[in-house]
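Okay, here's what each chain looks like letter by letter:
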Amino acid sequence: MSELTYETLLVEKHGPVARLLMNRPEKLNTFSTTLRQEMLSAVNALNADPELRVIVLAGAGRAFSAGADLEDGFSGDPAHLGPLTEHMLKSEYKPSILGITDSPKLWIAEVSGPAAGIGSAYMMACDLVVMAKGSYLYQAFAAIGLIPDGGATWQLLRALGRKRALEVIVGGERLYAERCLELGLCNRVVEEGEETQATLEWAAELAKKAPLAVQFSKKALSMAADLNFGEMISQEAAMQSICISSEDSTEGVTAFFEKRPPVFKGR
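Reading the values: rules and limits
- Starting from 1, residues in each chain are numbered consecutively following that chain's sequence as written.
- A pLDDT threshold of at least 70 governs which residues receive local features in this predicted model, and a stricter bar of 80 or more applies before side-chain atom pairs are shown or counted, although totals over entire chains, interfaces and linings include all residues.
- With hydrogens and water set aside, each side-chain value is computed from the structure's full complement of heavy atoms.
- Put simply, DSSP marks the helices as runs of H or I at least four residues long and the strands as runs of E at least two long, and each gets a number from the N terminus on.
- Two things to know: the radius of gyration comes from C-alpha atoms, and the globule rule equals 2.2 Å times the number of residues to the power 0.38.
- For every residue, the accessible area (1.4 Å probe, protein chains only) is compared with the maximum for its type, and the residue is labelled buried under 20%, exposed over 50%, or partly exposed between those bounds.
- In what follows, residue pairs with any heavy atoms lying within 4.5 Å of each other are defined as contacts.
- Residue burial considers only the protein chains on display, and all accessible areas are found by Shrake-Rupley using a 1.4 Å probe.
- Each pair of strands is called paired provided DSSP finds at least two bridges between the two strands.
- Whenever a helix is involved, its axis is fitted only over the stretch in contact; in every case the axis is a line through C-alpha atoms, and angles between N-to-C directions fall within 0 to 180 degrees.
- Here, the arc refers to the directions that run from the helix axis to the C-beta atoms.

Asker: Can you tell me about the overall build of the protein, naming the residues and giving the values?
Answerer: A count of helices and strands for the protein gives 10 helices and 9 strands. Relative to a compact globule of 267 residues, whose C-alpha radius of gyration would be 18 Å, the protein shows 19 Å and is just as compact. With the C-alpha coordinates aligned to their principal axes, the bounding extent of the protein is approximately 65 × 45 × 35 Å. For the protein, buried positions account for 43% of its 267 residues. For the protein, the share of sequence-separated contacts (at least 6 apart) that also reach a separation of at least 24 residues comes to 67%. When the accessible area of the protein is evaluated, it comes to approximately 13700 Å², of which 56% is carbon and sulfur surface.

Asker: Talk me through the sheet that holds strand 2 (residues 17-22); I want residue IDs and the actual numbers.
Answerer: Strand pairing in a sheet takes place through backbone hydrogen bonds and is either antiparallel or parallel in direction. Read across the sheet, 6 strands follow the order 1-2-3-4-6-9 without closing on themselves; strand pairing throughout is mixed. Two strands lie at the open edges of the sheet, namely strand 1 (9-14) and strand 9 (188-190), each paired on one side alone. Direction aside, the axes of adjacent strands within the sheet are offset by 20 degrees on average. Across 4 bridges, the pairing between strand 4 (residues 106-111) and strand 6 (residues 128-132) is parallel. Along strand 6, the bridge assignment pairs glutamate 110 with valine 130. Each of strand 1, strand 2, strand 3 (54-59) and strand 4 touches helix 1 (residues 33-48); the most contacted strand, strand 2, lies at about 180 degrees to it.

Asker: I'd like a rundown of helix 5 (residues 162-171), residues and numbers included.
Answerer: For helix 5, every residue scored as buried is listed here: Ala165, Val168 and Ile169. Summarising the axial view, the buried residues of helix 5 lie within an arc of 95 degrees, below the 170-degree limit, and thus occupy one face. Exposed residues on helix 5 whose side chains face more than 90 degrees from its buried face are Lys163, Val170 and Gly171. Buried residues along helix 5 sit against helix 4 (152-160) and strand 8 (174-176). Glycine 172 lies just past helix 5 and shows a positive phi near 65 degrees.

What follows is the structure, given as structure tokens:
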């Protein structure tokens, strides 16, 4: 992959792990027009890089992302804001969020400070989440007469159930890291200042896993939310057929009997 350079993003590579950093710290990494557009470009580029197996999404400074930049694109005639916002959500946010959820690679959110508004949607879209103590998820929409977007309602319903999700949405409660861990909204909570190292170390370990198994595990869990039990058994069988026929499966079995770590190649 050629070097990626952006105005509002930074990309770091650590072998098979990339760290995608939202880089508007003076604005708490709120989403401007440029950041929305560059995020889509970066997600597509990182997903297409054959050298990468895990991508970490983080924010520079003291926030993961405080949501949308209300000074960028939210002024003018209110009659025009609705259609503009709908277009923005469908054409810019949606493709990059789906690029994360549908990626064959693992995405890990590294959360410092607030993950608010649309920032929370990107956090929840990631497959795994590491949060620093003191960081929090916040549905800020009700305070300005809006509803969650970017798929946040879908994520919250499945993580929390209807009643608790509705409480979080309309109540505007900040869910701090320890509470997110209890509710299943994050995987790990670490001391403040240790989130980057902890996330990159975890990412490096996960990058050693069999890429095909990771890809189909993500796909199976997504399908399981909508299929009945019998249908899911059949889908698992079809995906297992692909995995067990792969070179990586042969390598895994061989390594097991040879009592050594497997070296997976994604084929």
